[in-house]
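Results of the structural survey
What follows is the residue order along each chain.
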There are 2 protein chains.
Amino acid sequence: MTGPAPRSPRRTEALSRERIVEATIELLDTAGETDLTVRALTAHLSTGRGAIYHHVTSKDDLLSAATDGVIGRMLTQIAADEDPERAIRALSLGIFNVIDAHPWAGRQLAREPWQPAVVQIWKGVGAQLTRLGITGSARSDAGSALVNYVLGAAAQYAAGARRAPDEAARQVYLETIAAEWAPDDLDPTPSFEHDDREQFLAGVDIFLAGITARR
Amino acid sequence: MTGPAPRSPRRTEALSRERIVEATIELLDTAGETDLTVRALTAHLSTGRGAIYHHVTSKDDLLSAATDGVIGRMLTQIAADEDPERAIRALSLGIFNVIDAHPWAGRQLAREPWQPAVVQIWKGVGAQLTRLGITGSARSDAGSALVNYVLGAAAQYAAGARRAPDEAARQVYLETIAAEWAPDDLDPTPSFEHDDREQFLAGVDIFLAGITARR
DNA sequence: ACCTGAACACCGTTCAAGT
DNA sequence: ACCTGAACACCGTTCAAGT
């Protein structure tokens with residue numbers, strides 16, 4: 001008797017939730033959000049259409065999991081900081097950088113408050129606010145202000161980064177905003193050429209100043 | 001010879017962009033976002049499928065126009081206030097109330113920065129910040145902070161108001177957040193039973209305090 | 001248990017043909 | 001010019017049948 005026949009190596013890795021989420025992130029980064037279809041995903045994984053529904057409940061579950069993946073990776077990388085204000089800036093900047101690299105995650109974050117990535121962000125913010133000595137309703141007010149700002153900015157910058165399917169609409173937008181915001185502005189460089197990252201962090205600082213002022 | 005034959009009154013009103021947008025708002029409010037299809041809309045307007053494409057470029061254009069409709073209606077109703085801080089609170093509360101009545105608008109606002117409703121909000125905020133005596137890059141930083149907060153909060157509250165297609169996920173979310181935020185909280189009423197509207201306005205005040213503190 | 005892929009029940013958008 | 005509705009080119013999800 002010979003040994004067992006070698007397994008036919010149809011796939012390098014067995015199908016699993018992790019493998020599927022990983023492939024989803026790859027596809028979102030390379031092909032974009034509109035081209036992420038279940039069909040494209042199954043082709044990428046060389047499997048059948050309904051196979052992924054053994055590991056994932058829906059396409060929305062897939063988007064949530066992919067977003068949680070890239071946010072979670074970032075959270076493990078930011079260093080613990082003894083200064084809670086610096087820790088809040090680091091967390092916010094980390095989220096901005098994730099959105100910059102993965103615009104689809106920015107759009108997803110603004111969609112469902114109960115998705116894992118958003119819950120992780122709430123936890124991180126809550127912990128730092130506690131370390132700032134903020135308690136009671138002041139803490140939940142501050143937390144919701146910061147989280148909502150970060151998620152709102154994430155979605156807006158992500159949409160901006162997408163460069164618009166309608167480039168003409170984007171131009172009209174930039175010109176309208178510039179006309180409204182520039183007239184009494186003597187600064188020769190219009191505000192909307194400012195670095196998005198700097199403007200985002202300035203918003204975090206406004207928020208931190210507001211919390212300190214009310215403490 | 002008799003006079004001209006009476007026109008067959010197939011529709012009460014002729015088809016127009018305004019009529020289509022109006023019907024879209026009605027359908028979004030009654031049937032919900034997922035049930036707003038071009039087919040349902042044409043049935044509601046008793047017209048042909050492609051007819052609406054004579055007045056509207058795409059479904060996205062329709063969502064933007066509907067959102068601009070409900071935001072624009074609100075903007076004409078809020079009174080001009082001589083105190084710019086009070087005007088900012090009134091504008092923010094107006095947006096909150098629109099989202100509360102039309103959750104679909106909250107989700108739409110966070111999607112595209114160049115849509116008319118968002119441009120209108122930028123204009124309103126910019127005008128009040130100027131009246132607060134804020135100029136230059138401080139003004140664009142403050143504007144983007146406030147607008148991004150309002151839009152982020154709008155999207156989150158809108159998703160929360162939708163009560164979740166997945167009620168179980170919503171429960172897990174509320175419990176996780178409560179567990180993270182409640183432990184050192186002596187207040188017997190957990191923060192997440194707080195009135196959303198109050199919490200939203202507290203966030204606006206935090207940003208206003210931050211802007212004032214940095215002036 | 002895990003996977004397949006045809007089938008189902010839809011979509012948004014276009015366009016030749018009508019009035 | 002405006003409108004019609006069949007046709008087009010897709011979707012996400014399910015499920016009987018396989019291994």
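Calculation notes
- Residues numbered from 1 in each chain as written.
- Chains lettered and ligands numbered in written order.
- Predicted model: local features only at pLDDT ≥ 70, side-chain atom pairs only at ≥ 80, totals over all residues.
- Heavy atoms only, no water.
- Core = buried A, V, L, I, M, F, W, Y, C linked by side-chain atoms within 4.5 Å.
- Buried < 20%, exposed > 50% of the residue type's maximum accessible area, 1.4 Å probe, protein only.
- Contact = heavy atoms within 4.5 Å.
- Near = heavy atom within 4 Å.
- Polar contact = N/O pair within 3.5 Å; in protein donor to acceptor, adjacent residues only side chain to side chain.
- Nonpolar A, V, L, I, M, F, W, Y, C, P; charged D, E, K, R; others polar.
- Salt bridge = Lys/Arg side-chain N within 4 Å of Asp/Glu carboxyl O.
- Helix = DSSP H or I, 4+ residues; strand = E, 2+ residues; numbered from the N terminus.
- Axes fitted to C-alpha atoms, helices over the stretch in contact; angles between N-to-C directions.
- Parallel < 35°, antiparallel > 145°, perpendicular 65-115°, else oblique.
- Left-handed = near helix turned anticlockwise from the far one by under 90°.
- Phe/Tyr/Trp six-rings, centres within 6.5 Å; stacked < 30°, edge-to-face > 60°.
- Domains from an automatic or database assignment.
- Buried area = accessible area lost by both parts, 1.4 Å probe.

Turning to the nonpolar core, a few remarks are in order. Grouped burial of nonpolar side chains is what soluble globular proteins tend to show. Leu109, Tyr149 and Phe207 of chain A together with Leu109, Tyr149 and Phe207 of chain B are the most contacted members of the largest nonpolar core, which has 108 residues in total. Sequence-distant contacts of Leu109 of chain B, defined by excluding residues within four places in its chain, comprise Gln156 of chain A together with Thr67, Ile71, Ile95, Ile99, Gln115, Ala117, Val118, Ile121 and Leu151 of chain B.

With that settled, consider the protein's contact with DNA strand C. The immediate surroundings of DNA strand C are formed by 19 residues, with Thr47, Gly48 and His54 of chain A together with Arg39 and Tyr53 of chain B found nearest. Residue Arg49 of chain A places a main-chain N or O atom 3.1 Å away from a base nitrogen belonging to DNA strand C. Within the side chain of His55 of chain A, a nitrogen or oxygen atom sits 3.5 Å from a phosphate oxygen of DNA strand C. Of the residues contributing to the surface near DNA strand C, the split by class is five nonpolar, eight polar and six charged.

The next point concerns the pattern of salt bridges. Tallied over the entire structure, the rule returns 16 salt bridges over all chains. Arg17 of chain A is the partner of Asp61 of chain A in a salt bridge, and the nearest nitrogen-oxygen pair spans 2.5 Å. You can see Asp61 of chain A sitting in helix H3 (residues 59-77) and its partner Arg17 of chain A sitting in helix H1 (residues 17-30), a full 44 residues away along the chain. On the basis of relative accessible area, Arg17 of chain A is assigned to the partly exposed category, the value being 32%. In this structure, Glu85 of chain B engages Arg89 of chain B in a salt bridge whose closest nitrogen and oxygen atoms are separated by 3.7 Å.

Attention shifts here to the protein's contact with DNA strand D. Inspection of the region around DNA strand D gives 19 residues, with Arg39 and Tyr53 of chain A together with Thr47, Gly48 and His54 of chain B positioned closest. Protein-proximal atoms of DNA strand D, defined as those within 4 Å of the protein, fall in sugar or phosphate at a share of 45%. A distance of 3.1 Å is found between a base nitrogen of DNA strand D and a backbone nitrogen or oxygen belonging to Arg49 of chain B. In the model, a base nitrogen of DNA strand D is placed 3.5 Å from a nitrogen or oxygen of the His54 of chain B side chain. Looking at side-chain class alone, the surface near DNA strand D contains five nonpolar, eight polar and six charged residues.

All names here are of chain A. The geometry of helix H4 (residues 84-101) relative to helix H9 (residues 196-214) is characterised by a closest axis approach of 10 Å and an angle of 150° between their N-to-C directions. One way to sum up the angle between H4 and H9 is to call them roughly antiparallel. Between H4 and H9 the crossing geometry is right-handed. Of the residues in H9, those touching H4 at Glu85, Ile88, Arg89, Ser92, Leu93, Phe96, Asn97 and Asp100 are Asp196, Arg197, Phe200, Leu201, Val204, Asp205, Leu208 and Thr212. Partitioned by chemical class, the residues of the contact of H4 with H9 number seven nonpolar, three polar and six charged.

One pass over the full model with this rule turns up eleven aromatic pairs over all chains. The interplanar angle of 65° and the centroid separation of 5.4 Å between the aromatic rings of Phe96 of chain B and Tyr157 of chain B together place this pair among those described as edge-to-face. With Phe96 of chain B in helix H4 (residues 84-101) and Tyr157 of chain B in helix H7 (residues 136-161), this pair connects stretches of sequence that are 61 residues apart. A relative accessible area of 8% means that Phe96 of chain B is categorised as buried. The class for Tyr157 of chain B is buried, based on a relative accessible area of 14%. Through a chain of ring-to-ring contacts, three or more aromatic side chains come together here, namely Phe96, Tyr149, Tyr157, Phe200 and Phe207 of chain A together with Phe96, Tyr149, Tyr157, Phe200 and Phe207 of chain B.

All names here are of chain B. Mapping Thr67 onto the fold places it in helix H3 (residues 59-77). Residue classification places Thr67 among the buried residues on the basis of a relative accessible area of 0%. Residues in contact with Thr67, not counting those within four places in the same chain, are Trp104, Ala105, Gln108, Leu109, Gln115 and Ala117.

To continue, consider the domain arrangement of chain A. Residue and element names in this part refer to chain A. We note that the domain assignment places domain 1 (1-56) and domain 2 (80-214) within chain A. Each partner contributes to the interface: domain 1 provides four residues, whereas domain 2 provides five residues. Taking both partners together, domain 1 and domain 2 bury about 410 Å²; carbon and sulfur atoms supply 49% of that area. Remark: the boundary between domain 1 and domain 2 carries two salt bridges. Residue Arg107 is joined to Glu33 by a salt bridge in which the shortest nitrogen-to-oxygen separation is 2.2 Å.

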